[in-house]
Amino acid sequence: MFKTIRNAFKVKELKNKLLYTFMMLVVIRFGSALPIPGVRTDFFANWFAKQTTDVFGFFNAMTGGSFSQMSIFALSITPYITSSIIIQLLTIAIPKLEELQKDGEDGRKKIQEYTRYVTVGLALIESSAMAIGFGRQGLLADYNAWNVIVAIVTMTTGSALLMWIGEQITDKGVGNGISIVLLLNILSSVPSDIRNLYFKFVFGQDIPMAALRLAIVVLVIVAMVVFVIVLNDAERRIPVQYSKKMVGRKLVGGQASSIPLKVNTAGVMPVIFASSIMSFPVVISQFIPAMQQGWSGHLMKLLNSGSWCRPSEPIYSIGLLVYIILIVLFAYFYTSIAFNPLEVANNMKKQGGFIPGIRPGKPTSEYLNKILNYIVFIGAVGLIVVCVVPVIFSGLFDMSRISFSGTSLIIIVGVVLETIKAIESQMLVRYYKGFLND
């Protein structure tokens, strides 16, 4: 990885792109420190300290701490992520969007335009809920219509600006801009998490015990990172043979190829979907105090990941089982969207391709579907391991102040690998251009 980056700085064009990306990230961190006019910046610091739920902990990590500081980027790019998921799901239900998705570059630009509109709409709704709901609880120094409007406009504009910066990084920088912005936000919370881990496990111990605990913590983190890398790159290759055909007086074709089926085809999306469904009622309950009492209060604790795996309250760990089931279901659901075995089988048949030992057409589709169901389950189990291990440690050792999670780890590893591959591909294109020009 470091060798690739070092070689990229030797290429003027790539160096300029990397510097442009870096400068945009500096702008983001600068904006994350600018508070919204009229808000009490210490409100959420005190509010988080009183909470028994960590439902906003991951959201705060996704915003790079901007949410707890109530900066102009308090919403970060979460509205854009939600908007992208909504548009992606709507392409299944709305035939026109499905046609646009298959319409090449023009269709992609149109879908991107719809995504921007939905992003602004979601940012407006979220900022309004926060300004009004938390404003009444003391977020705003002076709760009045003007301060509410200023907060709403600032948060909505900040989210739209981050979306624009992400798109600029994609066009003029390196890698996927939105993913890199999200990566930066998550990494910004890592130093505080490391400090919390140190004070939780190492600080105050004698030297041998401190060394042992430090080694165990480092070993667990490294093992999780390696596991995520393997899970992200693992794939099942289905061999494909193309029949020869006569073109003029020559036989062409007949080459062998393969269909790479990724074990974790759905990526981090099943975890995001499952977390969103589990946390949505808990978020609503923060604005409605009555939902935090009686049987509904127990239900909210059941849905809250901060209550799972605690020895003092084992009954609430049932919520973890629900979470695991949702991850498996959404892994199959999202994979069915991302990969269509019937379409792949039909395309292979048109091009004269076949899987050795499998008849073209429907038998090929059924075979691909069978293999896909098998590897999707393996991928879902991998996601469960990555997401559940931090939850178990958090519950057993009361690490509620740690915002880093399995979801964060999957995002970090995925984005880093994706960015490195983008740099390598641009270097490869440059070498090809140089070879052709010579």
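Summary of the structure given here. Being a predicted model, the structure only gives us computed values, none of them experimental.

### What to know about the overall build of the chain
Then, number 1: The helix and strand tally for the chain stands at 18 helices and five strands.
Then, number 2: Going through the 438 residues of the chain one by one, you find that 43% of them count as buried.
Then, number 3: Of the contacts made within the chain by residues no fewer than 6 positions apart, 69% connect residues no fewer than 24 positions apart.
Then, number 4: Accessible area for the chain stands at about 23800 Å²; split by element, carbon and sulfur atoms hold 66% of it.

### Let's talk about the pattern of salt bridges
Where charged atoms from two side chains of opposite charge come close, those side chains can pair.
Then, number 1: All told, the structure shown has four salt bridges when counted by the stated rule.
Then, number 2: A salt bridge links Asp233 to Lys421; its shortest N-O distance comes to 3.9 Å. Here Asp233, found in helix H12 (residues 207-233), pairs with Lys421, found in helix H18 (residues 406-437); they are 188 residues apart in sequence, far enough to count as distant.
Then, number 3: Look at Lys421 and you get partly exposed, because its relative accessible area is 48%.
Then, number 4: Arg237 serves as the salt-bridge partner of Glu235, at 2.7 Å between the closest nitrogen and oxygen.
Then, number 5: Judged by its relative accessible area of 53%, Arg237 falls in the exposed class.

### Some points on the nonpolar core
Then, number 1: The biggest cluster of nonpolar side chains holds 56 residues, and the ones touching the most others in it are Ile77 and Tyr323.
Then, number 2: Split by domain, the residues of this core number at least three in each of domain 1 (1-190) and domain 2 (205-405).
Then, number 3: With near-sequence residues (within four places) excluded, Ile77 lies in contact with Leu162, Met163, Ile178, Val181 and Leu182.
Then, number 4: Of all hydrophobic cores here, the second largest spans 19 residues; its members include Met70, Ala74, Leu75 and Leu139.

### Some thoughts on unusual backbone geometry
Then, number 1: Even without a glycine there, the phi angle at Met70 is positive, about 50°.
Then, number 2: For Met70, the location among the structural elements is in the loop between helix H5 (66-69) and helix H6 (78-93).
Then, number 3: Taking the relative accessible area as the measure of exposure, Met70 reaches 1% and is therefore buried.
Then, number 4: You will see that Cys309, though not glycine, has its phi angle at about 60°, which is positive.
Then, number 5: Residue position: Cys309 is located in the loop between helix H14 (294-303) and helix H15 (318-338).

### Brief notes about the environment of Ser66
Then, number 1: Within the secondary structure, Ser66 sits in helix H5.
Then, number 2: Sequence separation of Ser66 and Gly31 is 35 residues, and the distance between their C-alpha atoms is 8.8 Å.
Then, number 3: Apart from the residues within four sequence positions on either side, Ser66 is in contact with Ser32, Asn60, Ser71, Phe73 and Ala74.

### Some remarks on helix H17 (residues 362-397)
Then, number 1: End to end, H17 covers 52 Å across 36 residues, agreeing with the expected 52 Å (1.5 Å per residue, within 8%).
Then, number 2: Where H17 bends most, at Val388, the angle is about 25°, and the proline Pro390 comes one to four residues later.

### A word on the packing of aromatic side chains
A ring pair, where both rings are aromatic, is described by two values, the distance of the centres and the angle of the planes.
Then, number 1: Under the definition given, this model contains five aromatic pairs.
Then, number 2: Pairing Phe273 with Tyr334 gives two aromatic rings, centres 6.1 Å apart and planes at 70°, and the pair type is edge-to-face. Here the residue Phe273 occupies a position in helix H13 (residues 269-287), and Tyr334 occupies one in helix H15, the gap between them amounting to 61 residues. For the pair formed by Phe273 and Tyr334, the shared burial category is buried.
Then, number 3: Centre to centre, the rings of Phe330 and Phe333 are 6.4 Å apart; their planes meet at 80°, and the pair counts as edge-to-face. A residue pair is termed a helical-turn pair when its members lie 3 or 4 positions apart in one helix, as Phe330 and Phe333 do in helix H15 at three residues.

### What about helix H10 (residues 177-187)?
Then, number 1: Among the eleven residues in H10, ten count as buried, and that is most of the element.
Then, number 2: The complete set of buried residues in H10 reads Gly177, Ile178, Ser179, Ile180, Val181, Leu182, Leu183, Leu184, Asn185 and Ile186.
Then, number 3: The opening residue of H10, the one whose side-chain oxygen lies 3.1 Å from the backbone nitrogen of Ile178, is Asn176.

### Overview of the packing of helix H2 (residues 12-31) against helix H9 (residues 145-172)
Then, number 1: Running from N to C, H2 and H9 cross one another at 170°; their axes reach a closest spacing of 9 Å. By the criterion of interaxial angle, the relationship of H2 to H9 is roughly antiparallel. Two secondary-structure elements touch here, H2 through Lys17, Tyr20, Thr21, Met24, Leu25, Val27 and Ile28 and H9 through Leu162, Ile165, Gln168, Ile169 and Lys172.

### Side note on the layout of surface pockets
Then, number 1: Its boundaries defined by the atoms lining it, the second largest pocket holds a volume of some 1600 Å³.
Then, number 2: If you go around the second largest pocket, you meet 45 residues; those closest to its centre are Tyr80, Ser84, Asn176, Ser179 and Glu418.
Then, number 3: Split into classes, the residues belonging to the lining of the second largest pocket amount to 20 nonpolar, 16 polar and nine charged.
Then, number 4: Here the lining of the second largest pocket spans two domains, and each of domain 1 (1-190) and domain 2 (205-405) adds at least three residues to it.

### Things to note about the environment of Ile229
Then, number 1: Note on placement: Ile229 falls in helix H12.
Then, number 2: Separated by 181 residues in the primary sequence, Ile229 and Ile410 have C-alpha atoms spaced 8.4 Å apart.
Then, number 3: Those residues in contact with Ile229 that sit more than four places away from it in its chain are Val413 and Leu417.

### Topic: the side chain of Thr78
Then, number 1: You can see Thr78 is positioned in helix H6.
Then, number 2: On the basis of relative accessibility, which here comes to 9%, the residue Thr78 falls in the buried class.
Then, number 3: Residue contacts for Thr78: discarding those within four places in its chain leaves Phe59, Met62 and Glu126.

About the cut-offs
- Residues numbered from 1 in each chain as written.
- Predicted model: local features only at pLDDT ≥ 70, side-chain atom pairs only at ≥ 80, totals over all residues.
- Heavy atoms only, no water.
- Helix = DSSP H or I, 4+ residues; strand = E, 2+ residues; numbered from the N terminus.
- Buried < 20%, exposed > 50% of the residue type's maximum accessible area, 1.4 Å probe, protein only.
- Contact = heavy atoms within 4.5 Å.
- Areas by Shrake-Rupley, 256 points an atom, 1.4 Å probe, with all protein chains shown as cover.
- Salt bridge = Lys/Arg side-chain N within 4 Å of Asp/Glu carboxyl O.
- Core = buried A, V, L, I, M, F, W, Y, C linked by side-chain atoms within 4.5 Å.
- Domains from an automatic or database assignment.
- Expected span 1.5 Å × (residues − 1).
- Bend = angle between axes of the 7 residues up to and from the residue.
- Phe/Tyr/Trp six-rings, centres within 6.5 Å; stacked < 30°, edge-to-face > 60°.
- Polar contact = N/O pair within 3.5 Å; in protein donor to acceptor, adjacent residues only side chain to side chain.
- Axes fitted to C-alpha atoms, helices over the stretch in contact; angles between N-to-C directions.
- Parallel < 35°, antiparallel > 145°, perpendicular 65-115°, else oblique.
- 1 Å grid on protein atoms, 1.4 Å probe; cavity = no way out; pocket = protein on both sides within 12 Å on 5 of 7 lines; lining within 4 Å.
- Points joined across faces, edges and corners; volume = space filled by probe spheres on them.
- Nonpolar A, V, L, I, M, F, W, Y, C, P; charged D, E, K, R; others polar.

These values are about where atoms sit, not about what they do.
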